[in-house]
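Residue-level structural notes
Chain by chain, the residues:
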Amino acid sequence: MIRRPPRSTHCISSAASDVYKRQVHGDYMDLDKCIDQLRRCEYIKESEVKNLCNRGKEILMEENNVLKVEAPITVCGDIHGQFYDLIELFKIGGECPETNYLFMGDYVDRGHCSVETFLLLLALKVRYPERIILIRGNHESRQITQVYGFYDECLRKYGSVNVWRYCTDVFDCLPLAATIDDKILCIHGGLSPNVSTLDDIRTIDRKKEVPHDGPMCDLMWSDPDDINGWATNQRGAGYTFGADIVQKFNQENNLQLICRAHQLVMEGYKVMFNDQLVTVWSAPNYCYRCGNVASILELDENLNKSYKIFEAAPQEAKGTPAESKNIPDYFL
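Not measured: the values here are computed from a predicted model.

What follows deals with the overall build of the chain. Within the chain, the regular secondary structure consists of 11 helices and 14 strands. Burial analysis of the chain (332 residues in total) assigns 57% to the buried set. Across the chain, the fraction of contacts at a sequence separation of at least 24, relative to all contacts at a separation of at least 6, is 72%. With an accessible surface of roughly 13800 Å², the chain has 45% of that area assigned to carbon and sulfur atoms.

Here helix α3 (residues 46–61) crosses helix α5 (residues 114–127) at 55 degrees, and the two axes come no closer than 9 Å. By the angle class used here, α3 and α5 are oblique. Here the hand of the crossing between α3 and α5 comes out left-handed. From α3, V49, L52, C53, R55, G56, I59 and L60 reach across to α5, where they touch L119, L122, A123, K125 and V126. Grouping the amino acids of the contact of α3 with α5 by side-chain chemistry returns 9 nonpolar, 1 polar and 2 charged.

Time to look at the sheet that holds strand β12 (residues 277–280). Taking strand neighbours across the sheet as the criterion, the 6 strands line up as β1-β5-β6-β10-β12-β11 in an open arrangement whose pairing is mixed. The sheet is open, and its two borders are formed by β1 (66–69) and β11 (269–272), each paired with just one other strand. Averaged over all neighbouring strand pairs, the angle between strand axes comes to 20 degrees, with direction disregarded.

Before going further, it helps to examine a nonpolar patch on the surface. Together, Y269, V271 and I309 make up a nonpolar patch on the protein surface, roughly 220 Å² of accessible area in all. The topology assignment puts V271 in strand β11. For V271, a relative accessible area of 38% puts it in the partly exposed group.

Mapped onto the secondary structure, D106 falls in the loop between β3 (101–103) and α5. For D106, which is buried and forms no salt bridge, the nearest opposite charge comes from R235, at a distance of 7.0 Å. Not counting chain neighbours up to four residues away, the residues in contact with D106 comprise D78, I79, H80, G137, N138, H139, E140 and H188.

Moving on, we get to the sheet that holds strand β14 (residues 305–310). Strand order in the open sheet formed by 5 strands is β4-β3-β2-β13-β14, and the pairing between neighbours is mixed. Each having just a single partner strand, β4 (132–134) and β14 make up the two edges of the open sheet. The mean inter-strand angle of the sheet, taken between neighbouring strand axes irrespective of direction, is 20 degrees. As paired elements, β3 and β4 share 3 bridges and run parallel to each other. Within β4, the residue paired with Y101 across the bridge is I132. The strands that α5 touches are β3 and β4; relative to β4, the one it contacts most, it runs at about 130 degrees.

As a further point, take helix α4 (residues 83–93). Along α4, 8 of the 11 residues are buried, which leaves the element largely enclosed by surrounding structure. By the burial criterion, the buried members of α4 are F83, D85, L86, I87, E88, L89, F90 and G93. Where α4 is buried, its residues touch α2 (31–39), β2 (73–76), β3, α5, β13 (294–299) and β14.

Below, the discussion takes up the packing of aromatic side chains. Under the definition given, this model contains 13 aromatic pairs. Between the aromatic rings of F150 and F171, the centroid separation amounts to 6.1 Å while the plane-to-plane angle is 35 degrees, which identifies the pairing as tilted. Taken together, the residues F150 in helix α7 (residues 150–158) and F171 in helix α8 (residues 162–171) connect sequence positions 21 residues apart. For F150, a relative accessible area of 0% gives the class buried. Residue F171 is classed as buried on the basis of its relative accessible area, which comes to 0%. With a centroid separation of 3.8 Å and 5 degrees between ring planes, the pair formed by Y269 and Y307 is classed as stacked. Residue Y269 is found in strand β11, and its partner Y307 is found in strand β14; the two are separated by 38 residues along the sequence. Given a relative accessible area of 30%, Y269 falls into the partly exposed group.

The rules behind the values
- Residues numbered from 1 in each chain as written.
- Predicted model: local features only at pLDDT ≥ 70, side-chain atom pairs only at ≥ 80, totals over all residues.
- Heavy atoms only, no water.
- Helix = DSSP H or I, 4+ residues; strand = E, 2+ residues; numbered from the N terminus.
- Buried < 20%, exposed > 50% of the residue type's maximum accessible area, 1.4 Å probe, protein only.
- Contact = heavy atoms within 4.5 Å.
- Areas by Shrake-Rupley, 256 points an atom, 1.4 Å probe, with all protein chains shown as cover.
- Axes fitted to C-alpha atoms, helices over the stretch in contact; angles between N-to-C directions.
- Parallel < 35°, antiparallel > 145°, perpendicular 65-115°, else oblique.
- Left-handed = near helix turned anticlockwise from the far one by under 90°.
- Nonpolar A, V, L, I, M, F, W, Y, C, P; charged D, E, K, R; others polar.
- Pairing = 2+ DSSP bridges.
- Patch = residues over 30% accessible without salt bridge, like charges linked within 9 Å, V, L, I, M, F, W, Y side chains within 5 Å.
- Salt bridge = Lys/Arg side-chain N within 4 Å of Asp/Glu carboxyl O.
- Lys, Arg positive; Asp, Glu negative; His and termini not counted.
- Phe/Tyr/Trp six-rings, centres within 6.5 Å; stacked < 30°, edge-to-face > 60°.

What follows is the structure, encoded as structure tokens:
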């Protein structure tokens, strides 16, 4: 369970910092130095990636399918490898660990810097495991990343598929959902006709590749829509679901709100179904061409909501990205 940060601005003592530097098994790695490098969008060595991913798996494997989280916390949507916009997000929302964060998946693909984006978030998770939550999105998948850019990026930057393999092994360990003060459910995509209660999510065997169908797939692929009941999703996976489904699920699980990501929202966020569901999107100017703004959702200790809107990082803050091959659009 994420705990509220102590009143001191120094969340972890220097002695604890020394412990963190030594807790990654294998080759010695100074984790703070690694984070500094990644914040500058610099590569870390393949051996360091391997050690970081191994330690990340150890931490994530100890977490439940549905994590219990306490407010205050800031909830974020898709990032999609837009590294400099992630840095902009931290400028807007506050640095970790001073701010507690919950990211709802889709860290990789489409953007130019998926490697640095995911590894920075993973390094922060290892460094501050009670200050940052990472749950799984539909792009945290071997099959999807071989189509939408992450696989090719790893191969281009490291000269082999090893880093991709280390990262995708971590994907299998990511939790599926989180609840905030038992009142707000955070998932990447949406609901499933095979999931009536939170206990149904807790019983899923998550430590595997995202399946093509079933409840685990639905949680990452489904979308809300202005319909009644359930309908086939045009994405080819998951379902669409209406206000009646959300109202019933929230009522049966004593929830106030479902918070999810997964869909581009030009205004950064979209509230639906009488404030029972919200989509949060955190990748501004998605794919470097959509022209949208992004948002994060700040929740205070009383679960009061504040949406912060931000735009893409200024061009002068960005490096010159390598050219990417054209990738297909399954939604925009």
